[in-house]
Amino acid sequence: MHEGSIVKSLFDIANKIKEDENLVEIHKIKVIVGKFHQIVDEVMFMYFDLMKKEYKGFENAELIMEERDVKIKCKKCNQTLLIEEPIFICPNCESFDTEIVEGDELHIATIEGEKN
Ligand SMILES: [Zn+2]
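Because the structure is predicted, anything quoted here is derived from the model rather than measured. (Residues numbered from 1 in each chain as written. Predicted model: local features only at pLDDT ≥ 70, side-chain atom pairs only at ≥ 80, totals over all residues.)

A look at the nonpolar core
Note the following rule: Here, a nonpolar core denotes buried Ala, Val, Leu, Ile, Met, Phe, Trp, Tyr and Cys residues that are linked to one another through C-beta atoms within 7 Å. Note on burial: count the other C-beta atoms lying within 10 Å of the residue's C-beta; 20 or more is buried, 12 or fewer is exposed, in between is partly exposed, and C-beta positions come from the backbone. Numbering of helices and strands starts at the N terminus; helices are DSSP runs of H or I of at least 4 residues and strands are runs of E of at least 2. This entry defines residue contacts through backbone-placed C-beta atoms, with two residues in contact when those atoms are within 7 Å.
Counting 12 residues, the largest nonpolar core is built from Val 7, Leu 10, Phe 11, Ala 14, Ile 26, Ile 29, Val 31, Val 33, Tyr 47, Phe 48, Phe 58 and Ala 61. For this core, the secondary-structure elements that each account for two or more residues are helix 1 (3-20), strand 1 (23-34) and helix 2 (41-51). With sequence-adjacent residues up to four places away left out, Phe 11 is seen in contact with Met 51 and Tyr 55. If you look at the next biggest cluster of nonpolar residues, it comprises five residues, including Phe 36, Val 70, Ile 72 and Cys 74.

Considering the pairing of strand 4 (residues 80-83)
Which entries qualify depends on this criterion: Strands are treated as partners if at least two bridges between them are detected by DSSP.
Relative to strand 4, strand 3 (residues 70-74) is paired through four bridges, and the arrangement is antiparallel. For Val 70, the partnering residue across the bridge sits in strand 4 and is Ile 83.

Some details on the packing of helix 1 against helix 2
Cut-off, in case you're wondering: Each axis is a line fitted through C-alpha atoms, and for a helix only the stretch in contact is used; angles between axes span 0 to 180 degrees, taken between their N-to-C directions. Angle categories: roughly parallel below 35 degrees, roughly antiparallel above 145, roughly perpendicular from 65 to 115, and oblique for all the rest. Each helix crossing is assigned a hand: it is left-handed if the near helix lies turned anticlockwise from the far helix by less than a right angle, otherwise right-handed if that turn is clockwise. Side-chain classes follow a simple rule in which Ala, Val, Leu, Ile, Met, Phe, Trp, Tyr, Cys and Pro form the nonpolar group, Asp, Glu, Lys and Arg form the charged group, and the remainder, Gly included, forms the polar group.
For the pair helix 1 and helix 2, interaxial distance at closest approach is 9 Å and the crossing angle is 50 degrees. Looking at the two axes, helix 1 sits oblique to helix 2. Where helix 1 crosses over helix 2, the handedness of that crossing is right-handed. In this structure, helix 1 uses Glu 3, Gly 4, Val 7, Lys 8 and Phe 11 to contact helix 2, whose residues at the interface are Val 43, Met 44, Tyr 47, Phe 48 and Met 51. Classifying every residue of the contact of helix 1 with helix 2 by side-chain character gives seven nonpolar, one polar and two charged.

A short note on the sheet that holds strand 6 (residues 106-115)
Spatially, 2-1-6 is the arrangement adopted by the three strands of the open sheet, whose pairing is mixed. Edge strands, defined here as strands with exactly one partner in the open sheet, are strand 2 (62-68) and strand 6. On average, each strand axis in the sheet is tilted by 20 degrees relative to the strand beside it, whichever way the strands run. In terms of strand pairing, strand 1 meets strand 2 through seven bridges, oriented parallel. If you follow Lys 28 over to strand 2, its bridge partner there is Glu 62. Relative to the sheet, helix 1 contacts strand 1 and strand 6, its axis offset from that of strand 6 by approximately 45 degrees.

A closer look at the environment of Asp 41
When you line up the elements, Asp 41 lands in helix 2. Judged by the 12 C-beta atoms lying within 10 Å of it, Asp 41 falls in the exposed class. Taking the C-alpha atoms as reference points, Asp 41 and Met 65, 24 residues apart in sequence, are found 8.0 Å from one another.

None of this, on its own, says anything about what the molecule does.
Here it is, written out as structure tokens:
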């Protein structure tokens with residue numbers, strides 16, 4: 001259960017952006033989430049709705065999550081492949097010598113709100 005701390009840090013970042021951009025009310029926060037993080041959507045939304053009351057201007061904010069599949073690149077056979085499970089073995093040649101090229105993202109993509 002790491003969703004709680006993830007949502008907390010997203011709010012902290014969003015709050016900083018809100019202040020920097022002089023926004024008074026936030027409507028939408030779009031977050032890119034790689035499947036590597038194994039986040040449970042419902043839990044994210046639950047924490048989001050709980051915590052948004054504590055941040056001024058976020059009371060009516062909506063969370064939008066955009067998921068990214070996990071892609072790994074095999075250094076042995078040089079293929080880039082999608083994986084379903086977080087087991088980083090090349091499905092082609094079974095090498096462990098792989099690296100994640102997509103799917104470990106976790107960041108805010110856009111914030112929509114009203115300016116003062
Ligand atoms: Zn391979």
